[in-house]
Amino acid sequence: MHDGVVVFNSGSSSLKFRIYDKAANQQATVLVKGEIEHTPNGARFCAQNHDGTVLAQEDWPQTGLAIYDQLFQWLEHFTPKGRVVAVGHRIVHGGADFLKPVKITPDVLEKLERLTPFDPLHQQATLAPAKAIAQKWPGLVQVACFDTTFHSTIPKIARLLPLPRRYQAQGIVRYGFHGISYSYIAKCLTQLDPTLATGRTIIAHLGSGASLCALKAGKSLETTMGFSALDGLMMGTRCGAIDPGVLLYMVQEEGADWHTLVQTLYHDSGLLGVSGISPDMRILRALRAKNPASEQSARITEALSLFVYRIVQEIGALTAVMGGLEGLVFTAGIGEHDHMLRQEVCQALSWAGVVLDTTANQQHAALISAPQSRVSVRVIPTDEEREIYLSTLALL
């Protein structure tokens, strides 16, 4: 019999979940991990147990909240002798009020719903499982963990946007995101490299969504995402920071409305927009290697080069804010697995004293900087689900 703590990590197009063994306490033993990926015809569900054995791989015709009904049926079937004692959620936006994980109540849900205009694409997606569970199991403990919490230490001056003050009164300030990932990496650093954990380190969370965090004395000093998860670095399909005059042009010359802007900036830009092919770094590299002399490869090279350029540009800015750089940590899908990206970024940072150990980098080692490097460069896999589980456990 296993009493489980379920963790949901929701995105705009997928839902990852894990079931942890509560009896294992802070060891964070995973019983089951799975994912629901939204498809044009419904959803694709897959689940594995702790040793990788496939427990389910199914196509579901359900859409919307009905997907959660199907998932709960599966969870109840999987744990007939145990019970789910709590559920932890990744919630994208906590606004100015939620500065630490909290138990979800109807009042909390209502307040988080009000933050939807700040991030209409992601906030509703991360709230959906919590709302569905509140309807089906109203007595079940649920905990919200926020992507914005870790950045609550950013100085006030860095939060301000140069807009009329009335916008600040409406909560239009810089918040920062990917905080659950950054919190996990910061804790890992205290074990792996206490010097970096208390020094001046930049964490590069590079995945389909991408951002950087300037970590000084173990706390977030600055980050590249601001008011929304659209800001900062170029991403898979998101543009990142962009001249607002471009948006005015779209509105005036193309008659773009809100939906057009959302589609363009969130879904059609980034690596996908510049390459014209795919937002997936692996696909782009494979296509370029297959036919390096083609016009298609030229566009891919430009997209990859711009991706690196924006990372290096923002690292330079964060280094200036911190007054120096002692450590660089790569994490998330691209950061953990793309050694070519890491090599290109580190070569561009030679001015800062970064010297890469090429062999260690190609082997995806934990430490990839050479002994003579003035900046320690590490690769640390992130684990947002574990961080959410531990925060949920602390509130039980």
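Our subject is the structure listed above.
For the structure given in this document, a descriptive report is provided here. Since the structure is predicted, the reported quantities are computational estimates derived from the model, not experimental observations. (Residues numbered from 1 in each chain as written. Predicted model: local features only at pLDDT ≥ 70, side-chain atom pairs only at ≥ 80, totals over all residues. Heavy atoms only, no water.)

What about the overall build of the protein?
Along the backbone of the protein there are 16 helices and 13 strands. Taken against the 2.2 N^0.38 rule, which gives 21 Å for 396 residues, the C-alpha radius of gyration of the protein at 21 Å falls within 12% of a compact globule. Taking the principal axes of the C-alpha coordinates as reference, the protein spans close to 60 × 55 × 50 Å. Counting across all 396 residues of the protein, residues that qualify as buried make up 52%. Put simply, of all contacts in the protein between residues at least 6 apart along the chain, 62% involve residues at least 24 apart. Carbon and sulfur atoms provide 54% of the accessible area of the protein, an area that totals close to 18,400 Å². Across the protein, the 34 positively charged side chains and the 36 negatively charged ones have centroids separated by 7 Å. (Helix = DSSP H or I, 4+ residues; strand = E, 2+ residues; numbered from the N terminus. Rg over C-alpha atoms; globule rule 2.2 N^0.38 Å. Buried < 20%, exposed > 50% of the residue type's maximum accessible area, 1.4 Å probe, protein only. Contact = heavy atoms within 4.5 Å. Areas by Shrake-Rupley, 256 points an atom, 1.4 Å probe, with all protein chains shown as cover. Lys, Arg positive; Asp, Glu negative; His and termini not counted. Charge placed at Lys NZ, Arg CZ, Asp CG, Glu CD.)

Things to note about the sheet that holds strand E12 (residues 327–331)
An order of E11-E10-E9-E12-E13 is seen for the 5 strands of this open sheet, with the pairing classed as mixed. The strands lining the two open edges of the sheet, one partner per strand, are strand E11 (219–223) and strand E13 (376–379). Within this sheet the neighbouring strands show an average axis-to-axis angle of 25°, counted without direction. Examined bridge by bridge, strand E9 (residues 200–206) and strand E10 (residues 210–216) share 7 bridges and lie antiparallel to one another. (Pairing = 2+ DSSP bridges. Axes fitted to C-alpha atoms, helices over the stretch in contact; angles between N-to-C directions.)

Things to note about the pattern of salt bridges
Should the charged atoms of two oppositely charged side chains come close, the side chains can pair. Counted under the stated rule, the structure contains 15 salt bridges. Measuring nitrogen to oxygen at the nearest pair gives 2.9 Å for the salt bridge that ties Arg-174 to Glu-222. A residue pair is termed long-range when its members are at least 10 positions apart, and Arg-174 in the loop between helix H5 (165–169) and helix H6 (179–192) and Glu-222 in strand E11 qualify at 48 residues. The burial state of Arg-174 is the same as that of Glu-222; both residues are buried. Taken together, the salt bridges that share partners define one network made up of Arg-18, Asp-383 and Glu-385. (Salt bridge = Lys/Arg side-chain N within 4 Å of Asp/Glu carboxyl O.)

Thoughts on the pairing of strand E8 (residues 141–146)
Looking along a regular strand, one sees the side chains alternate between the two faces of the sheet. In terms of burial, E8 is a largely internal element, 5 of the 6 residues being buried. Across 6 bridges, the pairing between strand E6 (residues 83–91) and E8 is parallel. From the neighbouring strand, Val-87 faces E8, where its bridge partner is Gln-142.

As for the state of the cysteines
Counted according to the given criterion, the structure contains 0 disulfides. In this model Cys-213 remains outside any disulfide bridge; the closest cysteine sulfur is found in Cys-188, 14 Å from its own. The buried category is assigned to Cys-213, whose relative accessible area is 0%. The thiol of Cys-346 is unpaired, and the distance to the nearest cysteine sulfur, on Cys-213, comes to 18 Å. (Disulfide = S-S within 2.5 Å.)

No statement about biological role is implied by the geometric values presented.
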